[in-house]
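Chain residues, written in single-letter form:
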Amino acid sequence: MTGRTALLNARLLDPATGLDQRGGVLIENGVIADLGPQTKAGSVGDADTIDCGGHVLAPGLIDMMVSTGEPGHEHRETLATASQAAAAGGVTTIVCTPNTDPVIDDVALVDFVLRRARDTAIVNVHPMAAMTKGLLGEEMAEIGLLSEAGAIAFNNGQTSLINTKVMRNVLAYAKDFGALIVHHVEDPFLSRDAVMNQSEVSTRLGLRGNPAAAEAIILDRDIRLVELTNGRYHAAQISCRASLDLIRAAKARGVPVSCGVSINHLSLNENDIGSYRTFFKMRPPLRSEDDRRAMVEGLASGDIDVIISAHDPQDADVKRRPFADAADGAIGLETLLGASLRLYHNKDVDLATLLRALTSNPARLLGLPSGRLAKGAPADLILIDLDTPWTVEADQLRSKSKNTPFDEAKFQGRALQTFVAGRLVYHYADARKL
Amino acid sequence: MSLAATTSTFSFPHRHLLGIEGLSASDIHALLDLSEEAAKQSRQVVKKRDTLRGRTLINLFFEASTRTQSSFELAGKRLGADVMNMSMGTSSMQKGETLIDTAVTLNAMRPDILIVRHHAAGAVELLSQKVDCSVVNAGDGSHEHPTQALLDALTIRRHKGGFEGLIVAICGDVLHSRVARSNIILLNKLGARVRVVAPSTLLGSGMARLGVEVYTSMHEGLKDADVVMMLRLQRERMTSSLIPSQREYFHFFGLDFDKLARAKPDAMVMHPGPMNRGVEIDSRLADDARSAIREQVEMGVAVRIAVLEALARQLPNAA
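All chains use their own residue numbering, which begins from 1 and follows the written sequence. Labels follow written order: the first chain is A, the first ligand is 1, and so on. The model is predicted, so local features are restricted to residues of pLDDT at least 70 and side-chain atom pairs to those at 80 or more, both for listing and for counting; the totals for chains, interfaces and linings are taken over all residues. Note that the side-chain values use all heavy atoms of the structure and ignore hydrogens as well as water.

Remarks on the overall build of chain B
Secondary structure follows DSSP: runs of H or I at least 4 residues long count as helices, runs of E at least 2 residues long count as strands, and numbering of each begins at the N terminus. Within chain B one finds twelve helices and nine strands. The globule rule used here is 2.2 Å times the number of residues to the 0.38 power, and the radius of gyration it is set against is calculated over C-alpha atoms. Expected size for 319 residues packed as a compact globule is a radius of gyration near 20 Å; at 19 Å, chain B falls within 12% of this value. Projecting the C-alpha coordinates of chain B onto the three principal axes gives extents of approximately 55 × 45 × 35 Å. Exposed residues in this analysis have more than 50% of their type's maximum accessible area, buried residues have under 20%, and partly exposed residues fall in between, with area computed by a 1.4 Å probe over protein chains only. Across the 319 residues of chain B, 57% fall into the buried class. For chain B, contacts bridging at least 24 residues in sequence account for 74% of all contacts bridging at least 6. Accessible area for chain B stands at about 13,100 Å²; split by element, carbon and sulfur atoms hold 50% of it. For the purpose of counting charges, residues Lys and Arg are taken to be positive, whereas Asp and Glu are taken to be negative. His and the chain ends are not included. By convention, the charge on Lys lies at NZ, on Arg at CZ, on Asp at CG and on Glu at CD. Averaging the locations of the 38 positively and 35 negatively charged side chains of chain B gives two centres separated by 2 Å. When checking whether two residues touch, look at their non-hydrogen atoms; a contact exists if any pair is within 4.5 Å. To be clear on the numbers: accessible area is Shrake-Rupley with a 1.4 Å probe, and residue cover counts the displayed protein chains and nothing else.

So this is what it looks like as structure tokens:
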């Protein structure tokens, strides 16, 4: 082992700079030492070489919203199993949510997640911490100390912080520490007891509906609070056209807000629920086809900054129930890239824009040095075959829980190899032999 | 003999002392000079004089106080006044009397000077409009506490000789602090460079327009400071979610030896009291040689003697 590896004969794609050219990447001690057309066989000395066969070499994906079950619900997912699913999906960094048991609202728990990840995970793991103690929305968490301990952002789980004054204080206080607030946007009064999008479909199915306005109301409020405090704010995920309009208007006014969208809301709509299929039950709910189109438009225009998997493992016990009683959530780490590439193959979004929302944009928001092909950046890389067709088989997925809405979906394109700090953590060809 | 007789140019053309706002730099210097004399007198065996002999001074405190109330009482007694203390927490206010009715009632008793503390900003000025005597603001809500700013200024002047170009960092709960407001106004008038250091949740909006440099980090805000003035943190700031916890507050905003090392080597440390040791100030630091906290208390009596003395000259029938 020389500590030097060269990935040669690749199509280098750096979404941050728009670089798209043939060449290679030289990795030294886990960092990109050189890249470009000059990095080729014969120029890399005694480095171990890997022939990329002309496939796309891009920064590894950064997933800003991953729930694991650790600590507290390890039967659903551990940091280890989530990281294996991530690696197989081309995701090299996961940001995990604080809505664990116990809630990540204390320095000792941030430390616990970081140490567990170091010892068991094969990709980078960054915990978000709770914005409020116990996620209860009343008392601000120790944002300064938690940031120092390694919390990468702050989140209130799958609930909005409803006390407007506390939200204002959190935004103002977090700003002093440069801390990013990643907020779920949903009015809990309008969405109480709701189990799907409110529309003709919910009426036909006889299910309680969650109106898109529930999301827009909180997002609108938050944008006004950002204008008041100048805090660092990211809407964790939006799902409807009304929200996109708010984000567009805010950005046009120069308000420093950003937002994410889940791959589910880019790929699916409320009709996929069909006859009460609970694997399509999630929060926010799948919306109308017009809303889905809006999400795709917002992604293409750059108004939506980030695509997340919204990975949320739930076991069969809580999913195989009547729709209204079933748990929300879908897994997504391993299918994130495949489902995203559908948008590219459908010509909805160009490849650089798509990958930007999965790499350099989240890196910028989170202050990570990864997410780009650049000298000195961590060698978190993925080799992507844009064309290989494959079919999702839920029981073959690496997550402990199998609640995917993409079971039996046919995808085109996948990660062939995944590198984290220069180390190969997933190899499709080897994995298939097993 | 009055103290003022020793300072030939003394003039203080005000009936009330409602705030530092409204005083000129020369008013302030005159009061500080007079306070200096009072401080000397207070170190004599015989501390008592007769400037206010026959006069009635009422301490009217709608909010609990230890050092302000007792130092006004002492100041009044040292000048020979009859001093009455009224703690309104247990009196007519609880029976539903309005502030103005209380003022009218007290006015009928013909006091000469009223010392008033109230929890509402502007209340002392309102009361002053309804009485015939002189009124001293001993703290109105989050607005002003002029005698505190004067005693802080006196303490600083004794250590630093003057104010021009001095860097004074006021740290902590600026938003709710009347001490901070009075100090900002006073120090600006006298030519000091004033900084405020606090988390954004404890700063007022438009703070920079008050003529201060605003910092949200102690590390930056204390750099090269000549004076570090700590403010008291009330416990209810935690429950109202302005800050997360005592330990976090102390870690980032509590004054300890590390943070003080950013200030000038001869920086002095001040606190208006009462202190929360281990919350806004390291306990050992509070007792350190650089701490002027005890001296502030001594100067508190001196400044209040000087203020009463100055107002006495404006009283009807004054000699």
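Picking up where we left off.
Description of the sheet that holds strand β6 (residues 61–66) of chain A
All names here are of chain A. Strands are labelled as partners when DSSP assigns at least two bridges between them. As summarised here, the arrangement of the three strands in space is β6-β7-β8, forming an open sheet in which the pairing is parallel. Both outer strands of the open sheet, β6 and β8 (124–127), are each paired with one neighbouring strand and no more. Here the average twist between neighbouring strands, direction ignored, is 20°. Only the stretch in contact is used when fitting a helix axis, every axis being a line fitted to C-alpha atoms; angles between N-to-C directions are given from 0 to 180 degrees. Its contacts with the sheet put helix α1 (residues 79–88) on β7 (91–96) and β8, and the angle it makes with β7 is roughly 140°. Contacts from helix α2 (residues 107–120) reach β7 and β8, with the element oriented near 175° to β8.

Observations regarding the sheet that holds strand β1 (residues 56–61) of chain B
All names here are of chain B. One open sheet holds the four strands; their spatial order is β2-β1-β3-β4, and the pairing between them is parallel. Looking at the sheet topology across the chains shown, the edges are occupied by β2 (82–87) and β4 (134–140). In this sheet, adjacent strand axes meet at a mean angle of 15° when their direction is disregarded. Looking at chain direction, strand β3 (residues 113–118) and β4 are connected through five bridges and run parallel. Bridged to Leu 114 within β4 is Val 135.

Examining the pattern of salt bridges
When a carboxyl oxygen of Asp or Glu is within 4 Å of a side-chain nitrogen of Lys or Arg, the pair counts as a salt bridge. Within the structure shown, the criterion is met by 43 salt bridges over all chains. Among the salt bridges present, the one from Glu 142 of chain A reaches Arg 247 of chain B, with a minimum N-O distance of 2.6 Å. Within this pair, whereas Glu 142 of chain A is found in the loop between β9 (129–130) and α3 (143–149), its partner Arg 247 of chain B is found in helix α9 (residues 246–253), the two belonging to separate chains. Classification of Glu 142 of chain A as buried rests on a relative accessible area of 6%. Owing to a relative accessible area of 45%, Arg 247 of chain B belongs among the partly exposed residues under this scheme. When the shortest N-O distance is used, the salt bridge between Arg 248 of chain A and Asp 303 of chain A registers 2.7 Å. Linking Arg 248 of chain A in helix α7 (residues 241–252) with Asp 303 of chain A in the loop between α9 (289–301) and β16 (306–308), this pair joins segments that are 55 residues apart in sequence.

A closer look at the environment of Pro 59 of chain A
Residues and elements named next belong to chain A. Assignment of secondary structure puts Pro 59 in strand β5 (residues 56–59). Sequence separation of Pro 59 and Ala 379 is 320 residues, and the distance between their C-alpha atoms is 8.0 Å. Sequence-distant contacts of Pro 59, defined by excluding residues within four places in its chain, comprise Leu 13, Asp 14, Pro 15, Thr 359, Gly 371, Arg 372, Leu 373, Asp 380, Leu 381 and Ile 382.

What to know about the nonpolar core
General note: in soluble globular proteins, nonpolar side chains tend to be found buried as a group. To define a nonpolar core, start from buried Ala, Val, Leu, Ile, Met, Phe, Trp, Tyr and Cys residues and group those joined through side-chain atoms within 4.5 Å. One finds Leu 381 of chain A together with Leu 150 and Leu 255 of chain B to be the most contacted residues of the largest nonpolar core, which totals 211 residues. A total of twelve residues in this core trace back to one element, the largest contributor, which is helix α12 (residues 293–312) of chain B. The contacts of Leu 150 of chain B, once residues within four sequence positions are left out, are Leu 17, Ile 20, Ile 28, Leu 31, Leu 32, Leu 186, Val 303 and Val 307 of chain B. Core analysis: the second largest hydrophobic core is formed by 17 residues, Met 64, Leu 180, Ala 236 and Leu 368 of chain A among them.

Here we look at the side chain of Glu 77 of chain A
Residues and elements named next belong to chain A. In this fold, Glu 77 is placed in the loop between β6 and α1. Despite being buried, Glu 77 has no salt bridge partner; Lys 400 is the closest side chain of opposite charge, sitting 7.1 Å away. A polar atom in the side chain of Glu 77 sits 2.6 Å from the side chain of Thr 81. Of the polar contacts made by the side chain of Glu 77, one reaches the side chain of Ser 399; its length is 2.9 Å. Apart from residues lying up to four places away in sequence, Glu 77 is in contact with Thr 68, Gly 69, Glu 70, Ala 82, His 311, Pro 313, Ser 399 and Lys 400. Side-chain atoms alone can form a polar contact between residues adjacent in sequence; in general such a contact is a pair of N or O atoms within 3.5 Å, and within protein one must be able to donate a hydrogen while the other accepts it.

Brief notes about the interface of chain A and chain B
At the junction of the two partners, chain A supplies 18 residues and chain B supplies 15 residues. Of the roughly 1,400 Å² buried at the junction of chain A and chain B (both faces included), carbon and sulfur atoms supply 51%. In this description, buried area is defined as the sum, over both parts, of the accessible area (probe of 1.4 Å) that is lost when the two are combined. Taken as a group, Glu 142, Tyr 173 and Asp 176 of chain A account for 36% of the area that chain A buries against chain B, more than any other trio of residues on that side. The tally of links between chain A and chain B comes to two salt bridges. Here Arg 247 of chain B ties to Asp 106 of chain A by a salt bridge, and the two come within 3.5 Å at their closest N and O atoms. For the pair chain A and chain B, the interface holds 13 residue pairs in polar contact (both at pLDDT 80 or more). Going through the elements one at a time, α3 and α4 (164–176) of chain A are the ones with two or more residues in the side of chain A that touches chain B.

Some points on helix α3 (residues 99–108) of chain B
All names here are of chain B. For α3, the complete set of buried residues consists of Leu 99, Thr 102, Ala 103, Leu 106 and Asn 107. On an axial view of α3, the arc spanned by its buried residues comes to 135°, and they lie on one face. Among the structural elements, β1, β2, β3 and α4 (123–128) are those in contact with the buried residues of α3. Looking one or two residues beyond α3, the residue adopting positive phi is Arg 110, at roughly 55°. What the arc describes is the spread of directions from the helix axis to the C-beta atoms.

Topic: unusual backbone geometry
Peptide bonds are trans in most cases, and residues, glycine excluded, mostly fall at negative phi. Residues and elements named next belong to chain A. Omega for the peptide link from Glu 70 to Pro 71 comes to 0°, which places this bond in the cis form. Within the secondary structure layout, Pro 71 lies in the loop between β6 and α1. The residue after Asp 101, namely Pro 102, is reached through a cis peptide bond having omega 5°. Mapping Pro 102 onto the fold places it in the loop between β7 and α2.

Considerations on the pairing of strand β15 (residues 257–262) of chain A
Residues and elements named next belong to chain A. For β15, the tally of buried residues reaches six of six residues, placing the bulk of the element in the interior. With burial as the criterion, each face of β15 is covered, one bearing Val 257, Cys 259 and Val 261 and the other bearing Ser 258, Gly 260 and Ser 262. Judged from the three bridges that link them, strand β14 (residues 233–235) and β15 form a sheet pairing that is parallel. Paired with Ala 235 across the bridge in β15 is Cys 259. Crossover β14 to β15 through α7 is right-handed. Direction of pairing for β15 relative to β16: parallel, over a ladder of three bridges. In the sheet register, Val 261 faces β16, and the bridge partner there is Ile 307. Every crossover in which the path from the first strand over the helix to the second runs clockwise, viewed with the strands pointing away from the viewer, is termed right-handed.

A look at the pairing of β1 of chain B
All names here are of chain B. β1 sits mainly inside the fold: five of its six residues count as buried. One ladder, built from six bridges, connects β1 with β2; its direction is parallel. Note that in β2 the partner of Leu 60 across the bridge is Met 86. Between the parallel elements β1 and β2, the chain passes through helix α2 (residues 67–78) in a crossover that is right-handed. Inspection of the sheet shows β1 paired to β3 by five bridges, in the parallel sense. Looking at β3, one finds that Leu 60 is bridged to Val 116.

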